[in-house]
Amino acid sequence: MKYAREFVTSTVIGGLFIVVPVYLAILLLLKGMKSAATLVRPIAVLLPDWLPAEGLVSLLLVLVVCFIVGAAVRTRAGQIVRERVEKAFFERLPGYSLLRSLTQRLANDGDATAWKPALVDLEDALVPAFIIEELADGRLTVFVPSVPTPLAGAVYILTPERVHPLDIPFTQAIRSVSRWGSGSKDLVAAMRSG
């Protein structure tokens, strides 16, 4: 029964990570098409009546704009503009940086050292944590998540001797935290073998 409940819960959460971004992308696409409809109406009247011209031309316009923006962001100047826009607007939104970092990590697209699973020595105990960054003096910034909510927790700056990186997938560490520590034996085994 416990296995079935955990399977259903993790499957639903995994599905949400796929369905919600797709749903939001479709909503934005439809909103963009609605906004573009007034622009393309003069072109749409020139096409045959049997063709849903306004919708098709609006969709085409939105896709062309997305393509141009995507191509521009791949350039050096585009990356600089994107980073400035992110810093000026998006990073001021609570949780944006955390969500971006986590989604990049889940997609294996982010910095390989950020959010690296670890066990840290705190108050004579080993505690599951994630390495966020390394400071210039060699100390490490670590995030210790709350159980069972891995998006809440505390941040510590610790010496490297107190931080034991784990050679396990990020998702396995998150799973252990969200399951009230179930599977911690694998974390400890990964520390010993490392």
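Note: the structure precedes this text.
Note that this is a predicted model, so its numbers are computed, not measured.

**Points about the pattern of salt bridges**
- Under the definition given, this model contains 3 salt bridges.
- A salt bridge links Arg41 to Glu54; the nearest nitrogen and oxygen atoms lie 3.1 Å apart. With Arg41 in helix α1 (residues 2–44) and Glu54 in helix α2 (residues 53–73), this residue pair connects regions lying 13 residues apart in the sequence.
- Across the salt bridge formed by Asp137 and Arg139, the nearest N and O atoms sit 2.7 Å from each other.
- Residue classification places Arg139 among the partly exposed residues on the basis of a relative accessible area of 34%.

**Some words on α2**
- For α2, spanning 21 residues, the distance from its first C-alpha to its last is 30 Å, which sits close to the expected 30 Å at 1.5 Å a residue.
- Here α2 has its buried residues at Ala53, Val57, Ser58 and Val62. Here the buried residues of α2 occupy an arc of 160° about the axis, which is enough to place them on one side. For α2, exposure combined with an orientation more than 90 degrees from the buried face picks out Leu60 and Phe67.

**A word on empty space enclosed by the protein**
- One pass over the structure, following the stated rule, counts 1 cavity of 30 Å³ or more.
- Counted as a void, the largest cavity has a volume near 40 Å³.
- Contributing to the lining of the largest cavity are Ala118, Pro128, Ala129, Phe130, Leu166, Ala173, Val177 and Leu187.
- Contributing elements (two or more residues each) for the lining of the largest cavity: β2 (125–134) and α5 (170–178).
- Per-element accounting of the lining of the largest cavity gives the leading share, 3 residues, to β2.
- Grouping the amino acids of the lining of the largest cavity by side-chain chemistry returns 8 nonpolar, no polar and no charged.

**With respect to the environment of Arg162**
- Relative to the helices and strands, Arg162 resides in the loop between β4 (153–158) and β5 (163–165).
- Taking the relative accessible area as the measure of exposure, Arg162 reaches 33% and is therefore partly exposed.
- Taking the C-alpha atoms as reference points, Arg162 and Leu122, separated by 40 residues in sequence, lie 7.9 Å from one another.
- Within polar-contact distance, the side chain of Arg162 engages the backbone oxygen of Asp121 at 2.8 Å.

**Quick look at the packing of aromatic side chains**
- Applying the stated criterion across every chain, the model contains 2 aromatic pairs.
- Plain terms: the ring middles of Trp115 and Phe130 are 5.6 Å apart, the flat faces sit at 50° to each other, and that makes the pair tilted. Of the two residues, Trp115 sits in the loop between α4 (96–106) and β1 (116–122) while Phe130 sits in strand β2, which places them 15 residues apart along the sequence.
- The exposure class of Trp115 is buried, given its relative accessible area of 7%.
- Through pairs of rings, three or more aromatic residues link up here, namely Trp115, Phe130 and Phe143.

Reading the values: rules and limits
Residues numbered from 1 in each chain as written. Predicted model: local features only at pLDDT ≥ 70, side-chain atom pairs only at ≥ 80, totals over all residues. Heavy atoms only, no water. Salt bridge = Lys/Arg side-chain N within 4 Å of Asp/Glu carboxyl O. Helix = DSSP H or I, 4+ residues; strand = E, 2+ residues; numbered from the N terminus. Buried < 20%, exposed > 50% of the residue type's maximum accessible area, 1.4 Å probe, protein only. Expected span 1.5 Å × (residues − 1). Arc of directions from axis to C-beta. 1 Å grid on protein atoms, 1.4 Å probe; cavity = no way out; pocket = protein on both sides within 12 Å on 5 of 7 lines; lining within 4 Å. Points joined across faces, edges and corners; volume = space filled by probe spheres on them. Nonpolar A, V, L, I, M, F, W, Y, C, P; charged D, E, K, R; others polar. Polar contact = N/O pair within 3.5 Å; in protein donor to acceptor, adjacent residues only side chain to side chain. Phe/Tyr/Trp six-rings, centres within 6.5 Å; stacked < 30°, edge-to-face > 60°.

So yeah, pure geometry; function would need other evidence.
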